[in-house]
Amino acid sequence: MEPVGTPWKILLPVLQSQFHSTSHISLPRIGRTLPPVAVALGVRDLLRGLFAIFQGEGAVDRFESELREYFRVSHCCAVSSGKTAMVLILRALHDLQPGRDEVLIPAYTCYSVPSAIVRAGFKVRLCDLAPGTFDFDHDHLQRLMNNERLLAVVPTHLYGVPADVNKVRDMARQSGVFVIEDAAQAMGNEWNGTKLGTSGDVGLFSLGRGKCFSTVEGGVILTDNEPIGRAIARQMAETQAYDAAGCLKLALYAVALMVLTNPWFYWLPRSLPFLKIGRTEFDTGFSLARLSWLQAGLASGWQSRIAGLKQMRRRKIQDFIEEDIPLISSSTAEVPDLLRYPVLAKDAETKAMIVSRSDELGLGISGGYPESIDRIPELADQFDGECSYPVATETAARVVSLPLHSHVSTRDTTLISHLIHGRTVTDPMSTEDLLKILLLIILWCAAFAPLFPELVRDWIANSDNSHAFLVPFISLFLVWQQRELLHETPTVSSPFGGALLAASLLTYVVSSAGGLAFPARLAMVASLSGLAWFCLGGKKVRLLAFPLGILLFMVPIPYSLLSLVSGRLQLMATHISEKLISQCAIPVYREGNMLYFVQTQLEVAEACSGIRSIVSLTMISLVFCFMSRKGWWRKISLILAAIPIAIAANIVRVTGTGVLAHYFGDKVAKGFLHEFSGIVIFIFGFALLFSLFHFLNKGEANDLP
């Protein structure tokens, strides 16, 4: 997109100079950016977590009981992380076989596995991978099993790709080695009718962010082996619980993840270097704790939620398969349930290009773990002189993982496919484009700044304009509702938008010079539409037409126009209210817009004409129409109904005030009671309008986008 001419030739190099050096450092991306993984937590889940404070440890007991029943095991422990689970398992196994202190893992796996082994006080031993897989090279594994110091072997379902645990278990039994099934990235997945995590002597899951199911942090230990279960129970008895500060920190972290893993906000933490987003680090300084009541509360309804997430990921997997993106091999030809979709790039250079271009486009492709385990600097002394692991090294150099979370759209899938297949991919809205648009918006605000103070004063001074405070927020909400469609629509600058912008600015200048507030304010709204059309193009402006148009409701209608209608509405409300009050056996006499009672009199002032309700309810009816997918006749019916509903609601208010004035005097028509009655009657009118909206849209499950 190239929305302007000459000014950018001067301004853009200045902006770029802040981000570009002689080595050309690209601009950090601003805008929709897919995270590699997302946290499937909502406000309801967070509330469940907070309400679990009333259950305390009972919430954890309930969660563990549900896990035992679901996985059909006799022992289950919930802890603070998958790494904590690994540490406690290893210490428990060492209690059963104290003469062994080495743990065998794949030479390419998550860094959390070796860090937990080191944290537990054991030595890491490695086995190379079978070519084109994440599973062990079983010939190499067989040779490594002949080790009297080997305590356990850890087959890993990396990214959810199943390892052949049964084959590993058969080898391990011959050597008296325990099998720890690492299903940290595969909770709830099944393979050949068996739930992953239940085939080894002991299994573990992670409930951390970005896993198959998340409680922000967390881990689970499963075993059906009685001696191992008792040994783990002893370790759990010595493990501390979260304190109040820890639970508060978790709650705040959950809120941050809910917001910042949304693609429309993820660019912000990703662009801050000190947060180290996307970096893989070898960390042994983590704390060990039991699962908290907050995390157990966050897990409420976990079985149905896991099933729903699996279904969603299966659809994404099928989309990638249909795009002919080859999945890394698993133990069989069948496509498994996955957490992420791992692919082997042609070579290291191709991988670097894919990841770099994905970062520029915000497509969420991850480069996986940066090195094989033997190349982690903190472990260098453990592998000095040992053999190399060529397949693991090559896998680290070539593997990329594609996102499978709910934020991945059809358009994202297509762009990812083009990138993987080496086709040209263009960014519909680059950071440079956004900076240009941002600068134009700043200039627009500066140009129309003189209008804002007087406009706000008019909103405050005249109650008929009080709805205007909400209009900008309603417009922004409607734009937010259209965000995915806007993202998928190409951006092409339009000269017609420039013409509208220029005409609006000219109207603004002339109107301001002549002291004409109303046309100047209309020009402000029109210029914003012209700016959007100029920068984004006709296709996107068609999506934005209604959110931009609704801004007209924040422009106060001139008094000269209002007075043509308000007088008639006053007389109508007075006349009908007189008839209704008379029906209540209350003596009343009307003269113009005055109602005379035996002991008092009531003036139906201009503010009681109902104009405020008519304007507000008409605006709301238009919003309802925009959000409805029904036919035009129903939308027109809803809009036309807004005016009689507003008039009827106002008549009810005047009639009620008259009846109360007869019994309690004219004080009910003044001050707080008068204003409060206006709010109540508006809510009544809104309820009628919403009921009509619901009735006209009855029978369609997804009326609201």
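Heads up: the structure comes first, above all this text.
An account of the accompanying structure is given in this report. (Residues numbered from 1 in each chain as written. Predicted model: local features only at pLDDT ≥ 70, side-chain atom pairs only at ≥ 80, totals over all residues. Heavy atoms only, no water.)

### A word on the sheet that holds strand β8 (residues 202–206)
What counts, and what does not: Think of it this way: DSSP has to see at least two bridges between two strands before they count as a pair. Starting at the N terminus, helices and strands are each numbered in turn, a helix being any DSSP run of H or I of at least four residues and a strand any DSSP run of E of at least two. In this analysis, axes come from line fits to C-alpha atoms, helices being fitted only over the stretch in contact, and the angle between any two N-to-C directions falls in the range 0 to 180 degrees.
What the seven strands build is an open sheet, ordered β1-β9-β8-β5-β4-β2-β3; its pairing is mixed. For this open sheet the edge positions go to β1 (75–79) and β3 (123–127), each flanked by a neighbour on one side alone. Direction aside, the axes of adjacent strands within the sheet are offset by 25 degrees on average. Looking at chain direction, strand β4 (residues 150–153) and strand β5 (residues 178–182) are connected through two bridges and run parallel. Looking at β5, one finds that Val-153 is bridged to Val-179.

### Side note on the pattern of salt bridges
Side-chain pairs of opposite charge can arise whenever the charged atoms involved come near each other. Note the threshold: In the sections that follow, a salt bridge refers to a side-chain nitrogen of Lys or Arg positioned within 4 Å of a carboxyl oxygen of Asp or Glu. Here's how the labels work: a residue is buried when its accessible area is under 20% of the maximum for its type, exposed when over 50%, partly exposed in between, all with a 1.4 Å probe on protein chains only.
The final tally for this structure, using the stated rule, is 17 salt bridges. Where Arg-48 meets Asp-45, a salt bridge forms, and the shortest distance between an N and an O atom there is 3.7 Å. Of this pair, Arg-48 and Asp-45 both sit in helix α2 (residues 43–51), three residues apart, which is roughly one turn of the helix. The exposure class assigned to Arg-48 is partly exposed, which follows from its relative accessible area of 33%. When the shortest N-O distance is used, the salt bridge between Asp-359 and Arg-270 registers 3.1 Å. On the criterion of sequence distance, the pair formed by Asp-359 in helix α13 (residues 348–361) and Arg-270 in helix α10 (residues 267–270) is long-range, its members being 89 residues apart. Looking at Asp-359, the relative accessible area reads 32%, which means it is partly exposed. Three or more residues joined by partner-sharing salt bridges are found here, namely Asp-45, Arg-48 and Arg-305.

### Thoughts on the packing of aromatic side chains
We count it as follows: Each Phe, Tyr or Trp ring, with Trp reduced to its six-membered ring, pairs with another whose centre is within 6.5 Å; inter-plane angles below 30 degrees give stacked pairs, above 60 give edge-to-face pairs, and intermediate values give tilted ones.
Taken as a whole and assessed by the stated rule, the structure comprises 25 aromatic pairs. Judged by centre distance (6.1 Å) and plane angle (45 degrees), the ring pair of Phe-690 and Phe-693 falls under tilted. Here Phe-690 pairs with Phe-693, and both are found in helix α26 (residues 671–696), just three residues apart, close to one helical turn. With relative accessibility at 40%, the residue Phe-690 sits in the partly exposed group. On the basis of relative accessible area, Phe-693 is assigned to the buried category, the value being 6%. Through successive ring pairs, a cluster of aromatic residues spans Phe-63, Tyr-70, Phe-71, Phe-205 and Trp-302.

### Quick word on the layout of surface pockets
Condition: Grid spacing is 1 Å over the protein atoms alone, the probe is 1.4 Å, and a cavity is where that probe fits but cannot get out, while a pocket is an open set with protein on both sides within 12 Å along at least five of seven lines and lining residues have an atom within 4 Å of a point. Grid points are joined across faces, edges and corners, and a volume is the space filled by probe spheres set on the points.
In this model, the second largest pocket occupies a volume close to 1,600 Å³. Lining the second largest pocket are 42 residues, and of these Ile-437, Ile-441, Leu-476, Val-479 and Leu-536 sit closest to its centre. When contributions to the lining of the second largest pocket are tallied by element, the ones reaching two or more residues are α16 (431–448), α17 (451–461), α18 (471–481), α19 (483–488), α21 (517–536) and α22 (538–549).

### A few points about the state of the cysteines
Our working rule: A pair of cysteine sulfur atoms is labelled a disulfide when the two atoms are within 2.5 Å.
A complete count under the given rule lists zero disulfides for this structure. In this structure Cys-247 is a free cysteine whose sulfur lies 18 Å from that of Cys-77, the closest cysteine sulfur available. With relative accessibility at 6%, the residue Cys-247 sits in the buried group.

### Some remarks on helix α23 (residues 559–582)
For clarity, the cut-off: Every helix has an expected span of 1.5 Å times one less than the residues it contains. The quantity called bend is, for any residue, the angle between two axes fitted respectively to the seven residues ending at it and the seven beginning at it.
Counted at 1.5 Å a residue, the expected span for α23 with its 24 residues is 34 Å, and the 33 Å between its end C-alpha atoms agrees. The axis of α23 is deflected most strongly, by about 30 degrees, at Val-565.

### Overview of the sheet that holds strand β13 (residues 594–596)
For clarity, the threshold we go by: Contact definition: two residues touch when any of their heavy atoms are within 4.5 Å.
Spatial strand order, β12-β13-β14: three strands in an open sheet with antiparallel pairing. Each edge of the open sheet is held by one strand with a lone partner, namely β12 (589–591) and β14 (601–603). Each neighbouring strand pair of the sheet contributes to a mean axis angle of 20 degrees, computed without reference to strand direction. As defined by bridge partners, β12 adjoins β13 across three bridges and the pair is classed as antiparallel. Opposite Arg-590, over in β13, you have Leu-595 as the bridge partner. Across the sheet, α23 is in contact with β12 and β13; its angle to β13 comes to roughly 20 degrees.

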